[in-house]
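What the coordinates show
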Amino acid sequence: MLTLENIMKKNVILIILIISLTFSIIWNIIHYQKNTAPEADFKKCSSQYPLISSELDCGTINEKIEQVEDIDKKIEDLTNKEEQAHNAQQISVFFRDLNSRRWFGVNENVNFYPASLAKLPMAMMFYKTAEVNKKILDIPLAISAENIKTNEGQHYIPQESLENGKFYPIKELLRRILIFSDNAPIDPLMRASDSFRTSILTDLGIFFEPESAKDEDGSWNINAKNYANLFRILFNASYIRPEYSNEILDQLSQSTFKNALAAGVPEGIRVAHKYGEMSHLDAKSQQKSLILNDCGIIYKKDHPYILCIMTQGDKLEELERIIREISKTVYDSSSL
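Residues numbered from 1 in each chain as written. Predicted model: local features only at pLDDT ≥ 70, side-chain atom pairs only at ≥ 80, totals over all residues. Heavy atoms only, no water.

Another point: unusual backbone geometry. Most of the time, phi is negative for any residue but glycine, and the peptide bond is trans. Even without a glycine there, the phi angle at His86 is positive, about 65 degrees. The residue His86 is located in the loop between α2 (69–84) and β1 (90–97) in this model. Look at Asn107: it is not a glycine, yet its phi comes out positive at around 55 degrees. Mapped onto the elements of the fold, Asn107 is located in the loop between β2 (103–106) and α3 (119–130). Its relative accessible area of 37% is what places Asn107 among the partly exposed residues. (Helix = DSSP H or I, 4+ residues; strand = E, 2+ residues; numbered from the N terminus. Buried < 20%, exposed > 50% of the residue type's maximum accessible area, 1.4 Å probe, protein only.)

In structure tokens, the structure reads:
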């Protein structure tokens, strides 16, 4: 006979079984993810996207706090020495350890003209747009004789030249500005980005309008600390999807400019970097000076870091040497 007591007993047993089964399923899901996901994600990170942070999809973040104060003091002494010797008028340095997140800066908030450093955010805005419309990278743009002339007067001439009257897909023009720092694609790329340039560069914290390029109001200035953030965004793939972030860093690591930041580290160490050089006329003093900036990620084994160095002085050779020595000092530091 089915009594109320028997029904209640059966319901209690059924509830216990359901609860036990639920806990068992949850435990197995957690256990499976814990034991399988990191390994799978690690393989994905290391094989597909070797130039962005492996911590994006795999493993846990290393919370160990490294001491970088000794590097800070060395670099501050070095910059003071060079400025006092009049080898440079201004030197700005920003360093960030990409494992521990520790950082230091020397005059890191001093504004400099970015020169060709502006080509990196330009590439980033096209790749960001390609997430929605991949075909934009295939759009052909014409290169004119006037575009090609924009390389005249540069100390570092692109190793490969574009042809007058020829059409090139946007992806190829982006490759040229990142690897060769070619000025010729800039105007066509600026015109092609009219509809989305402002919104994306605002996201990146960059004010970048063509009509302000020759202004002396500071609207085109940037400092080492802010510019270094672009590399942090790429390394962590935090704004542009992993494959595009990796592609940009891969092209930057093929940069043909080897005289400064890359020359300060041992041969074989990968450096994804962007440099910029220009002649600057001070609006007040009417004195001319040269600017050389070089910023990027140094992929030191198991210890990648960002180093951004901006300099202003009278001789490019001296500015190259200063950047090279700072880069070497940081790389050789016992804190890394």
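All right, on to the packing of helix α8 (residues 224–235) against helix α9 (residues 242–252) then. When two helices pack together, their arrangement is given by the angle between the helix axes and by the axis-to-axis distance. Orientation of α8 relative to α9, taken along the N-to-C sense of each, is 125 degrees, at an axis distance of 8 Å. By the criterion of interaxial angle, the relationship of α8 to α9 is oblique. From α8, Phe231, Leu234 and Phe235 reach across to α9, where they touch Ser245, Ile248, Leu249 and Leu252. (Axes fitted to C-alpha atoms, helices over the stretch in contact; angles between N-to-C directions. Parallel < 35°, antiparallel > 145°, perpendicular 65-115°, else oblique. Contact = heavy atoms within 4.5 Å.)

When you line up the elements, His273 lands in strand β5 (residues 271–281). The class for His273 is buried, based on a relative accessible area of 1%. A polar side-chain atom of His273 sits 2.8 Å from a polar atom in the side chain of Asp294. With residues up to four places along the chain from it excluded, the contact list for His273 reads Phe231, Leu252, Ser255, Phe257, Leu261, Ala262, Asp294, Cys295 and Gly296. (Polar contact = N/O pair within 3.5 Å; in protein donor to acceptor, adjacent residues only side chain to side chain.)

The geometry of α3 relative to α8 is characterised by a closest axis approach of 11 Å and an angle of 35 degrees between their N-to-C directions. For the pair α3 and α8, the crossing hand works out as left-handed. Touching Leu120, Pro121 and Met124 of α3 are Tyr227, Leu230, Phe231, Ile233 and Leu234, all from α8. When grouped by side-chain class, the residues that make up the contact of α3 with α8 number eight nonpolar, no polar and no charged. (Left-handed = near helix turned anticlockwise from the far one by under 90°. Nonpolar A, V, L, I, M, F, W, Y, C, P; charged D, E, K, R; others polar.)

Let us now look at empty space enclosed by the protein. Taken as a whole and judged by the stated rule, the model has one cavity of 30 Å³ or more. The calculated volume of the largest cavity comes to roughly 50 Å³. Lining the largest cavity, in full, are Ser116, Lys119, Asn151, Gln154, Tyr156, Pro158, Ser181, Asn183, Tyr275 and Glu277. (1 Å grid on protein atoms, 1.4 Å probe; cavity = no way out; pocket = protein on both sides within 12 Å on 5 of 7 lines; lining within 4 Å. Points joined across faces, edges and corners; volume = space filled by probe spheres on them.)

Attention now moves to the pairing of β1. With seven of its eight residues buried, β1 lies for the most part within the structure. The antiparallel pairing of β1 with β2 creates a hairpin that spans five residues between the two strands, and Arg101 there sits at a positive phi of about 70 degrees. (Pairing = 2+ DSSP bridges.)

This part is about the packing of aromatic side chains. Tallied over the full model, the rule gives nine aromatic pairs. Where Phe95 meets Phe104, the ring centres are 5.2 Å apart and the plane angle is 20 degrees; that geometry is what we call stacked. The same class applies to Phe95 as to Phe104, namely buried. Taking 5.3 Å as the distance between ring centres and 55 degrees as the angle between the ring planes, the aromatic pair formed by Tyr127 and Tyr244 counts as tilted. Here Tyr127 is found in helix α3, whereas its partner Tyr244 is found in helix α9, with 117 residues between them in sequence. (Phe/Tyr/Trp six-rings, centres within 6.5 Å; stacked < 30°, edge-to-face > 60°.)

Here the focus is the state of the cysteines. Simply put, disulfide is the name for a covalent bond between the sulfur atoms of two cysteines. This structure, assessed with the given rule, holds one disulfide. Here Cys295 connects covalently by a disulfide to Cys308, the sulfurs 2.0 Å from one another. On the sign convention where negative is left-handed, the bridge of Cys295 and Cys308, at about 50 degrees about the S-S bond, is right-handed. In this pair, Cys295 sits in strand β6 (residues 288–298) while Cys308 sits in strand β7 (residues 305–313), placing the two residues 13 residues apart along the sequence. The burial state of Cys295 is the same as that of Cys308; both residues are buried. (Disulfide = S-S within 2.5 Å.)

The next subject is the pattern of salt bridges. For the structure on display, the rule yields 13 salt bridges. Its salt-bridge partner being Asp194, residue Arg197 comes within 3.2 Å of it at the nearest N-O pair. A salt bridge links Arg270 to Asp250; the nearest nitrogen and oxygen atoms lie 2.6 Å apart. Placement of the pair is Arg270 in the loop between α9 and β5 and Asp250 in helix α9, with a sequence separation of 20 residues. Taking relative accessible area as the criterion, Asp250 reaches 27% and is therefore assigned partly exposed. One network of salt bridges, with partners in common, ties together Glu82, Glu318, Arg321 and Glu325. (Salt bridge = Lys/Arg side-chain N within 4 Å of Asp/Glu carboxyl O.)

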